[in-house]
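What follows is each chain in one-letter form.
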Amino acid sequence: PLSRSAGLPIFPDPAAAGRGGGGPLIDVRTPPAGLPIGTGAKRPGLRLLTVGVDCAVGKKYSALAIEREMRRRGWKADFRATGQTGVMIAGSGFAIDSVVSDFLSGAAEVLSPAAEPDHWDVIEGQGALSHPSFAGVSLGLLHGSQPDALVLCVDPTRQVHLGTERAQPYPTPDVATCMDMNLAMARRVNPQVRFVGVCVNTSGVAPGVRAALLDRYARETGLPAADPLLDGVAAIVDRIEKEFR
């Protein structure tokens, strides 16, 4: 049957539709069984986590771009997916927002296990610490991934947190406040953690002001700032190389 409003197929029983089509249906939002609680124990290897001023600001794409640039340079690096789209891109990982809250940090530890000292896990961030709906998953990732490096993802056109516009608008924090919040929580498990770059989604920014905007972010933070889609992330990986290699 077709939806009269959208002309789209409707499948009341997706499993039956899958069987009828001769192919399996896989629920990529089902977390693995037996996830542990987090321990906070230090483990070898290097980890980078993308964090944001809001949800849906480019954390997944930024992580993918950073992992690709690291691999292009011959580094040992793996993208660690924490959402369903990332899982489908990478072919591994799990949707961490489907994990019971007590096991969030343990799930992040499983996702980024002990590794060789020069190996990077580039972990897809979720939510935002300041978001009233999604801060829990952000904190679980910060504690469980035990990051050595953080990359801040920003959409400069976002004035209030996504999804809060109607009932109770919550303003997005400025960059400095957001960085301080994330560092405070991340230092609980890794006192040496630091920011290494800012990824800016400039899709809603006029071309004529884009360069000045990136320059302002770079000056305010003292870090390389780039739109990973338009500029690439070479400058950010250069900073990582300077800090860690």
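Let us look at the structure shown here. Fair warning: this is a prediction, and the values are worked out from it, not measured in the lab.

### A few points about the pattern of salt bridges
In total, this model carries 19 salt bridges according to the counting rule given. Here the salt bridges share partners, and the residues they tie into one network are Glu67, Arg71, Asp78, Arg80 and Asp121.

### A short note on the nonpolar core
Among soluble globular proteins, nonpolar side chains are generally buried collectively. In this structure, Ile96, Leu150, Leu152 and Phe195 are the most contacted members of the largest nonpolar core, which totals 34 residues. For this core, the secondary-structure elements that each account for two or more residues are strand S1 (46-52), helix H4 (104-111), helix H5 (135-145), strand S4 (149-154), helix H6 (175-186), strand S5 (194-200) and helix H7 (207-221). Ranked by the residues each element gives to this core, the list is headed by H6, at 5 residues. In contact with isoleucine 96, other than residues within four places in its own chain, are Thr82, Leu104, Ala107, Ala108, Gln126, Val137 and Leu141. In terms of nonpolar packing, the next biggest core, distinct from the first, is built from 23 residues, Ile66, Val87, Ala149 and Ile240 among them.

### Some thoughts on the packing of aromatic side chains
Evaluation of the coordinates by the stated rule reveals 1 aromatic pair. Ring centres of tryptophan 120 and phenylalanine 244 lie 5.2 Å apart, and the angle between their planes is 90 degrees; this geometry places the pair in the edge-to-face category. You can see tryptophan 120 sitting in strand S3 (residues 120-123) and its partner phenylalanine 244 sitting in helix H8 (residues 234-244), a full 124 residues away along the chain. Looking at phenylalanine 244, the relative accessible area reads 22%, which means it is partly exposed.

### Observations concerning empty space enclosed by the protein
Enumeration according to the criterion identifies 1 cavity of 30 Å³ or more in this entry. Taken as a whole, the largest cavity encloses approximately 70 Å³ of empty space. Elements with a contribution of two residues or more to the lining of the largest cavity: S1 and H5. Considered class by class, the residues forming the lining of the largest cavity number 6 nonpolar, 7 polar and 1 charged.

Analysis parameters
- Residues numbered from 1 in each chain as written.
- Predicted model: local features only at pLDDT ≥ 70, side-chain atom pairs only at ≥ 80, totals over all residues.
- Heavy atoms only, no water.
- Salt bridge = Lys/Arg side-chain N within 4 Å of Asp/Glu carboxyl O.
- Core = buried A, V, L, I, M, F, W, Y, C linked by side-chain atoms within 4.5 Å.
- Buried < 20%, exposed > 50% of the residue type's maximum accessible area, 1.4 Å probe, protein only.
- Helix = DSSP H or I, 4+ residues; strand = E, 2+ residues; numbered from the N terminus.
- Contact = heavy atoms within 4.5 Å.
- Phe/Tyr/Trp six-rings, centres within 6.5 Å; stacked < 30°, edge-to-face > 60°.
- 1 Å grid on protein atoms, 1.4 Å probe; cavity = no way out; pocket = protein on both sides within 12 Å on 5 of 7 lines; lining within 4 Å.
- Points joined across faces, edges and corners; volume = space filled by probe spheres on them.
- Nonpolar A, V, L, I, M, F, W, Y, C, P; charged D, E, K, R; others polar.

Limitation: the analysis is restricted to geometry and does not speak to function.
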